[in-house]
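A look at the structure
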4 protein chains.
Amino acid sequence: MHISSQFDSGAIEILAAADPADIRLNIRSDSAAEFRQWFHFRVSGVAGQALVMRLLNAGDCTYSDGWHGYQAIASYDRRHWFRVPTAYDGKVLTISHTAECDSVYYAYFEPYSWERHLDLIAQAVPEMRVMHLGSSLQGRDIDKLSWGSGAQQVWIIARQHPGESMTEWLVEGLIERLLDPADPVTRKLAQLATLHIVPNMNPDGAALGNLRSNAAGANLNREWMAPSLERSPEVLHARQAMHDSGVDLFLDIHGDETIPYVFVDGCEMIPGYAASLVAQQEAFLARLLQISPDFQREHGYAPDRFSDEMLTLASKYVGHAFGCVSLTLEMPFKDNANLPDPEHGWSAARSKRLGAALLEAVLAHCIDSKPETI
Amino acid sequence: MHISSQFDSGAIEILAAADPADIRLNIRSDSAAEFRQWFHFRVSGVAGQALVMRLLNAGDCTYSDGWHGYQAIASYDRRHWFRVPTAYDGKVLTISHTAECDSVYYAYFEPYSWERHLDLIAQAVPEMRVMHLGSSLQGRDIDKLSWGSGAQQVWIIARQHPGESMTEWLVEGLIERLLDPADPVTRKLAQLATLHIVPNMNPDGAALGNLRSNAAGANLNREWMAPSLERSPEVLHARQAMHDSGVDLFLDIHGDETIPYVFVDGCEMIPGYAASLVAQQEAFLARLLQISPDFQREHGYAPDRFSDEMLTLASKYVGHAFGCVSLTLEMPFKDNANLPDPEHGWSAARSKRLGAALLEAVLAHCIDSKPETI
Amino acid sequence: MHISSQFDSGAIEILAAADPADIRLNIRSDSAAEFRQWFHFRVSGVAGQALVMRLLNAGDCTYSDGWHGYQAIASYDRRHWFRVPTAYDGKVLTISHTAECDSVYYAYFEPYSWERHLDLIAQAVPEMRVMHLGSSLQGRDIDKLSWGSGAQQVWIIARQHPGESMTEWLVEGLIERLLDPADPVTRKLAQLATLHIVPNMNPDGAALGNLRSNAAGANLNREWMAPSLERSPEVLHARQAMHDSGVDLFLDIHGDETIPYVFVDGCEMIPGYAASLVAQQEAFLARLLQISPDFQREHGYAPDRFSDEMLTLASKYVGHAFGCVSLTLEMPFKDNANLPDPEHGWSAARSKRLGAALLEAVLAHCIDSKPETI
Amino acid sequence: MHISSQFDSGAIEILAAADPADIRLNIRSDSAAEFRQWFHFRVSGVAGQALVMRLLNAGDCTYSDGWHGYQAIASYDRRHWFRVPTAYDGKVLTISHTAECDSVYYAYFEPYSWERHLDLIAQAVPEMRVMHLGSSLQGRDIDKLSWGSGAQQVWIIARQHPGESMTEWLVEGLIERLLDPADPVTRKLAQLATLHIVPNMNPDGAALGNLRSNAAGANLNREWMAPSLERSPEVLHARQAMHDSGVDLFLDIHGDETIPYVFVDGCEMIPGYAASLVAQQEAFLARLLQISPDFQREHGYAPDRFSDEMLTLASKYVGHAFGCVSLTLEMPFKDNANLPDPEHGWSAARSKRLGAALLEAVLAHCIDSKPETI
Ligand SMILES: [Ca+2]
Ligand SMILES: [Ca+2]
Ligand SMILES: [Ca+2]
Ligand SMILES: [Ca+2]
């Protein structure tokens, strides 16, 4: 048997891989920071064997509480992923699985590779405009797609945290709906809004198999007050383009390691945030609640008191700077406990459906914001 | 050149077809009734030729007013249909088109064949149950699909009027969404409702290329008070199955030859129809208005005073007999003038999107009707 | 439970269909002739039930010897067909099968509908020319596709016998290869030959569910000496077009009910058939033997002595009239016993591969025939 | 405008990229060796602009003669690649192209990424066995697929030279045919042979965008006499597996920068190579000539006199060590001048067809080698 991770977003440390019944692994840290939770590796030569894989340092990971109730995913064909039995004892995460084929992949969540990202951008051409916002530290393109011809400037960014691959799946679902010429939601939206979409804010971190940081070890979602070319060019360039276009609605897409629900964090705690914006935010969330049974509002982050540090986060910075509805949308790594799927848990496919559904809430927001333009 | 119509739903009468610039045709009547508006034919051997096709009896058709603003559709590959220049002078409908290929089809709307119907049913197996409700007069199966395990009995029927092929496209879109295991709308709906779907209520009429009637010449949507084995077994069998299951929500899908909008006709005029049902109907329509920019409520049928004959219509009969929300949904043959598409007009693809969107309104209705079950 | 056959090529007679364990059926005769062997029907409402279907008149069918070793095919989704246990006692053919779904189809061979035929033609547009040769007795188009720009006139016709649906599957595979712009065989062939392809010589018989005859009861492959508008317009029109173009190579595609092999019948017995043609025929067959392990030359029709009646057959007529290689290609209804597939037997997919492989032999023939043009 | 190459097999050096009409570039050398000819880069922000890209050091590349008659390829969607006007003056290669979209890729040949490679392997599971032969210097898996259950051991390897991406396309076409359960060629072959396929012998070089060498700068096709873990583990592991299984037929797939034809180089010059093997080699080539009009035997490498260094090449080493037919198959980077395609030149699609066709020659070889087993 052999374990490898030398591919896009591959990440694991091998301690012992001689005995299928006693595979010992460690979860690798980010390439230049101490975050650790993401794993993605391939096991070869194990058809018919009962694998017991113990991730020994699970208890020392960034979100060790997230392992409670977590089930790892596996795939033979890299298309269809399914959950496999996984147990956590507070220290070690143990994955137990009998491989049906010679080669099997395991991952924290369904990966979304840089090759697939480039395909996503390429398929959108020429229906959309593509703008090169700038380059990552390792020289990857930060691409922004733009679509529609309306006055409302809607920005959607994803994958500041590179291990949150469900976020790019969400964007793929959203883009596919935008490219559907028969969909009345998108046909109407194109009249009212211009969408600016950055499917991958952190391509280096994604390719490197990082959980939360870029090639310099920066957590991009703490860089919005003072991004720099040296440490966070990805944010610097995106933020500049936002100031160039203006922002009327902002969605920053994330994944959450611990909470088994889809939820949103808003801007109501920001001092001076207009009551009218709080009402619009409320309307957006009420609408999304109607549209998607995978969304809910009971569970989420505890309501924080405002602190200046908050403005280092993308959605707070944008809400504050542009005076617009600005939301962090979080999807689970585990499942939506309100509508659980034991076979797949939360998945790429469900993330895509949520991305498509989001457009209905975006349209409602644009209609409400500019009632005279309809 | 040659004109033929010997295929599923083919219908035309040829008066003169020797000169491409002077093709004279008549729209054929239904096989056993005087309705006439549907046409569907193929022209061969005309690559590069400028065809002028005059439908001489257009002014004598069942809905001659419907020709105003109507554009015929054409296709080379029978997959992609597009509108071609069409003029109506109050008597003659003239289609002018230069064929790019040796073979081209023209039709009143995108056809939906019996073969495709059988494939639709077959693809739904085994995810759905299939019940043979009975046979048409010519011996075709009247199939009912059922799906979900909830208490609410939702019935959706289509194509009582066989020339309204957009109605089966709508159902195809609806079924495809039901079969999507990642869609939270359908996953939730399966818990609350059992859907009973009859994709084609009039298979004989559809295969025969009829506009409004079955093989006996009956307009099925006038048969609901007293259906008979001899004249309307299609209605007789479906009605019986409804009484067997009960009905909590009913949607009857139609096409309208004249009005260039999607609209709905309800049951508020029926004596004794409960105020609570009127409110539920209102909620359904308000929700659908939110969901689909292709729906609207300004244009539609004039509010009728109730007459006993009304109960011969499916939606009125069901609303009256079962005391439930019961709607006739109408799609245009032309286009939705609120969101026009000059290339395609109203289309199979747009009908499918509307079918998928309907499920969101159905889910909302089921949630509202049984709030304690959520 | 319910049995129906009211669809394209549907054919069965129901004697008793109340008890799944005792279903009694008869194979229907052709619509206007006494041939009988084709069946195609649907059984509904039988999920989980062990069906025993006895075809009581099997022993009286046209090729009753063909039932020995024959296994019927079944499908739930009308795409994937598989063989089911079938026994023949010299009189009754008994099909035993437990249906996994509510709806299941049984047939003599994988059907190829008129709708699929029209799609096949339509997909070939505009890469190919389409010529309307004439109309069948019931008014269906007899279409000829033409492809390539070379001097050699190659004619390929299929489905004179409408129940031999594998023949149109073969043509579909052949056409798909012709439409592949990267295939060097077809790119080269286009320079040397013009292909004339009639995918369905007998559309009426096919739609009617006939085994061997058209709507007038004529066996088209006995009409080539004296076709008539009244009895065999399908042959009359095709034959005329052949005389218009000339023929340098002719392939007539058939199915055989009895012999479990792919084989060819040639023209060597025709008086006056040139020795050079016999050599070319031999070269064609030797080449096909190399190309396709599904072809063989041991088993086939006994070498007949020539009789004048032979010239009523398409391949003999053409070989005689045009002095060219002219072959009848036969595929089994059962399986190729040299390379058996117990799950599928001979199939649509294998027929398509044979159609694609034929083009290599056609190319070799064209190269050999005109060596100076290469 | 912006030029980037930070992706799988990306390779270019940018000298000046400010003026679309005066873009100056250099072709990058391999990562650890002086070979240089491969390029692959993306240009953004240039919709509607006439690009003039000059590759200034083309005259100093490894196969500078290969630029004569060469046309670069371009793609917007990364799926469809087409040739663009390219001129070579003996020193500078100038690509002139007006981009229709915001983003366009240029490359030496259609790329085949490591992600696609992993998908290729994963799709073959579980129909094939996958063996991890060993790891590349950078830790990538060297995978061998095996298929079939026959006695003849057939080895097919590709992409020793990583810039020859057409070789992995060829293997993809070959594998797709092996996975077709209806193809008689592969069904027969499975009985006679066991195929051992290494789709990518040099994954590091491929990912790095190298032309000819691995991560250590080694030209793997000069390492077969004395491969080492330090310099050429890819060869070491594959060679060992060959000795474990034995080899009865060997095909090593390559691309040639200069000669615009598909051709083969054999083993007839090896001292002691048996006359029977030369005859078998001749039979293989004669058969391939029949099968694929893209193959030819007039043009190719000059017949070399044997030198000991020859045995450092894979096909010579294997022919010598195993006493079997052992061939180097070469495809052009430009086009097959016998059957040119001005739009695509030689392409991924044509490489795939050649891979599928090869199996017919392999089958013939296996039949001839073991006539008693048929
Ligand atoms: Ca997070
Ligand atoms: Ca109507
Ligand atoms: Ca026959
Ligand atoms: Ca080379």
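Rules used throughout
Residues numbered from 1 in each chain as written. Chains lettered and ligands numbered in written order. Predicted model: local features only at pLDDT ≥ 70, side-chain atom pairs only at ≥ 80, totals over all residues. Heavy atoms only, no water. Helix = DSSP H or I, 4+ residues; strand = E, 2+ residues; numbered from the N terminus. Rg over C-alpha atoms; globule rule 2.2 N^0.38 Å. Buried < 20%, exposed > 50% of the residue type's maximum accessible area, 1.4 Å probe, protein only. Contact = heavy atoms within 4.5 Å. Buried area = accessible area lost by both parts, 1.4 Å probe. Salt bridge = Lys/Arg side-chain N within 4 Å of Asp/Glu carboxyl O. Polar contact = N/O pair within 3.5 Å; in protein donor to acceptor, adjacent residues only side chain to side chain. Nonpolar A, V, L, I, M, F, W, Y, C, P; charged D, E, K, R; others polar. UniProt positions renumbered as here; feature names shortened; annotations may be inferred. Least-squares fit on C-alpha atoms with pLDDT ≥ 70 in both. Donors = N, O, S within 2.8 Å, 3.2 Å for Na, K, Ca; no water.

Across its full length, chain A carries eight helices and 17 strands. A compact globule built from 374 residues would reach a C-alpha radius of gyration of about 21 Å, and chain A, at 20 Å, matches this within 12%. C-alpha extents for chain A along the principal axes are approximately 70 × 45 × 40 Å. Burial statistics for chain A: of 374 residues in total, 66% are counted as buried.

Listed by partner, the interface residues are 35 residues for chain A and 34 residues for chain D. Buried surface at the junction of chain A and chain D, summed over both partners, amounts to about 3,000 Å²; 46% is from carbon and sulfur atoms. It is Gln6, Arg78 and Glu115 of chain A in chain A that bury the most area against chain D; as a group they hold 20% of the surface buried on that side. For Asp143 of chain A, the salt bridge goes to Arg42 of chain D, with nearest N and O atoms at 2.7 Å. Applying the counting criterion to the chain A and chain D interface returns 26 residue pairs in polar contact (both at pLDDT 80 or more). For the side of chain A that touches chain D, the leading source of residues is helix H1 (residues 114-124) of chain A, giving seven residues. Classifying every residue of the side of chain A that touches chain D by side-chain character gives 12 nonpolar, 11 polar and 12 charged.

Another aspect to go through is the UniProt feature "active site" (unreviewed entry) in chain A. Residue and element names in this part refer to chain A. Residues annotated in UniProt with the feature "active site" (unreviewed entry) correspond here to Glu330. Among the secondary structure elements, Glu330 is positioned in strand E17 (residues 325-332). Take Glu330: its relative accessible area is 5%, and that puts it in the buried class. For Glu330, the contacting residues outside a window of four places in its chain are His254, Gly255, Asp256, Tyr261, Val262, Phe263 and Tyr301. Here Asp256 takes part through its backbone nitrogen, which lies 3.4 Å from a polar atom of the side chain of Glu330.

With that settled, consider the relation of the copies chain B and chain A. Rotating chain B by 180° about the axis while translating it 0.0 Å along that axis superimposes it on chain A, leaving an RMSD of 0.0 Å. Read as a symmetry element, the transformation amounts to a two-fold axis. In terms of C-alpha distance to the rotation axis, chain B has Ile291 of chain B as its closest residue, with the C-alpha 4.1 Å off the axis. Comparing interface residues between copies, 100% of those in chain B also lie at the interface in chain A; the contact surface is shared.

Here we take up the coordination of the calcium ion (ligand 3). All names here are of chain C. In the first shell of the calcium ion (ligand 3), the protein supplies Glu164 (OE) and Gly255 (O), at 2.3 Å from the metal. Placement of the pair is Glu164 in the loop between strand E13 (152-158) and helix H2 (166-178) and Gly255 in strand E15 (residues 249-256), with a sequence separation of 91 residues. Residue class for Gly255 comes out buried when judged on its relative accessible area of 4%.

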